[in-house]
Amino acid sequence: MNNINIKDLINLLLKNLIAILVAAIVCGVGAFIYCKNFADEKYMSKGSILVTSTSISDSDRVDNGQVAASINLLSTIKDLLVTPGIYEQVADKLNNKYTAGQLMGAAEITTSDDKTLVLEISFTLGNKADAEKVTNTFLNATPGYISSYIDGSRTSVTSPAKVAVKTAPRTMQTTLMFAFLGAALCYAVVFLISLNNAT
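Just so it is clear, the model here is predicted, and its values are computed rather than measured. (Residues numbered from 1 in each chain as written. Predicted model: local features only at pLDDT ≥ 70, side-chain atom pairs only at ≥ 80, totals over all residues. Heavy atoms only, no water.)

It is worth spelling out the nonpolar core at this point. Counting 31 residues, the largest nonpolar core has Leu81 and Phe138 as the members making the most contacts within it. Of all the secondary structure elements, the ones that give two or more residues to this core are β1 (42-53), α4 (64-80), α5 (84-93), α6 (100-106), β3 (118-125) and α7 (128-149). In terms of residue count, the dominant contributor to this core is α7 (seven residues). Ignoring sequence-local partners within four residues, the contact set of Phe138 consists of Leu81, Ile86, Tyr87, Val90, Ile109, Ile121 and Phe123. (Core = buried A, V, L, I, M, F, W, Y, C linked by side-chain atoms within 4.5 Å. Buried < 20%, exposed > 50% of the residue type's maximum accessible area, 1.4 Å probe, protein only. Helix = DSSP H or I, 4+ residues; strand = E, 2+ residues; numbered from the N terminus. Contact = heavy atoms within 4.5 Å.)

Listed below in structure tokens is the structure:
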């Protein structure tokens, strides 16, 4: 196989097809068993809040300057919501089932773009019901927490926490990925052996 071409590679694949399929099956089954029996399940629930300045809330007409002020305010509030204080409040309301540190690690606070006034808040936990409960508890705590630090802001929950969805393990995707990796690794080994024998 000094001059390797596509035909040689296909012939090598067909010649060792059974071994490659066995490797794919073994790796795929191994990944499936791990996902079903050993991998920790994770569930995510998401909700959102709307943040505006009181100048918008109290005005009949809104100009671009007021909107820009609210967008700038949103950035500050986003930073505020990753400080320990609100997570300590939420932990207390949940009777300390989770520590503030655990809640901080489970939270994600994002915006869809840099012109929105909406913050999306999600929590990923190992229990489906807890993910939804924690997210709602956090959402409901945000108006009071934010107003205690930032005058001139108004926060409202625009979307309560949705039913938590399973995010891990992704059994099917993981099984297929490891099956492919097993087949690819087996083919690579076969190719190297054939290359060595040819020389």
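Back to the write-up after that little detour.
Quick look at α5 now. Buried residues of α5: Ile86, Tyr87, Val90 and Ala91, and no others. Projection of α5 onto a plane perpendicular to its axis shows the buried side chains occupying an angular sector of 140 degrees, all on one side. Opposite the buried face of α5, by more than 90 degrees, sit the exposed residues Asp92 and Lys93. The elements touched by buried residues of α5 are α6, β2 (107-110), β3 and α7. Positive phi shows up at Asn95, right after α5, with a value of about 60 degrees. (Arc of directions from axis to C-beta.)

Two numbers describe how helix α2 (residues 17-37) lies on helix α8 (residues 171-198): the axes approach to 7 Å, and their chain directions differ by 150 degrees. By the criterion of interaxial angle, the relationship of α2 to α8 is roughly antiparallel. Where α2 crosses over α8, the handedness of that crossing is right-handed. Of the residues in α8, those touching α2 at Ala19, Ile20, Ala23, Ala24, Cys27, Gly28, Ala31, Phe32, Cys35 and Lys36 are Thr171, Thr174, Thr175, Phe178, Ala179, Gly182, Ala183, Cys186 and Tyr187. Of the residues that constitute the contact of α2 with α8, the class distribution is 13 nonpolar, five polar and one charged. (Axes fitted to C-alpha atoms, helices over the stretch in contact; angles between N-to-C directions. Parallel < 35°, antiparallel > 145°, perpendicular 65-115°, else oblique. Left-handed = near helix turned anticlockwise from the far one by under 90°. Nonpolar A, V, L, I, M, F, W, Y, C, P; charged D, E, K, R; others polar.)

Moving on to the environment of Ala168. Counting through the fold element by element, Ala168 comes out in strand β5 (residues 165-168). Along the chain, Ala168 and Met104 lie 64 residues apart, while their C-alpha atoms are 19 Å from each other. If near-sequence neighbours (up to four positions away) are discounted, Ala168 is found in contact with Asp40, Glu41 and Lys42.

This next bit is on unusual backbone geometry. Of note, the amide linkage connecting Ala168 to Pro169 takes the cis form, showing an omega dihedral of -5 degrees. Locating Pro169 in the fold gives a position in the loop between β5 and α8. Of note, Asn95 is a non-glycine position whose phi angle comes to about 60 degrees, a positive value. If you trace the backbone, Asn95 turns up in the loop between α5 and α6. Residue Asn95 is classed as exposed on the basis of its relative accessible area of 69%. Residue Asn96 is not a glycine yet carries a positive backbone phi of 60 degrees. Checked against the element boundaries, Asn96 lands in the loop between α5 and α6.

Under the definition given, this model contains four aromatic pairs. A ring pair is formed by Tyr34 and Phe38, whose centres lie 6.3 Å apart and whose planes are at 25 degrees; its orientation type is stacked. Under the relative-accessibility criterion, Tyr34 is labelled partly exposed at 47%. Centre to centre, the rings of Tyr87 and Phe138 are 5.3 Å apart; their planes meet at 40 degrees, and the pair counts as tilted. In this pair, Tyr87 sits in helix α5 while Phe138 sits in helix α7, placing the two residues 51 residues apart along the sequence. Exposure class is identical for Tyr87 and Phe138. Each is buried. Here the aromatic residues Tyr87, Phe123 and Phe138 are joined through ring pairs into a cluster of three or more. (Phe/Tyr/Trp six-rings, centres within 6.5 Å; stacked < 30°, edge-to-face > 60°.)

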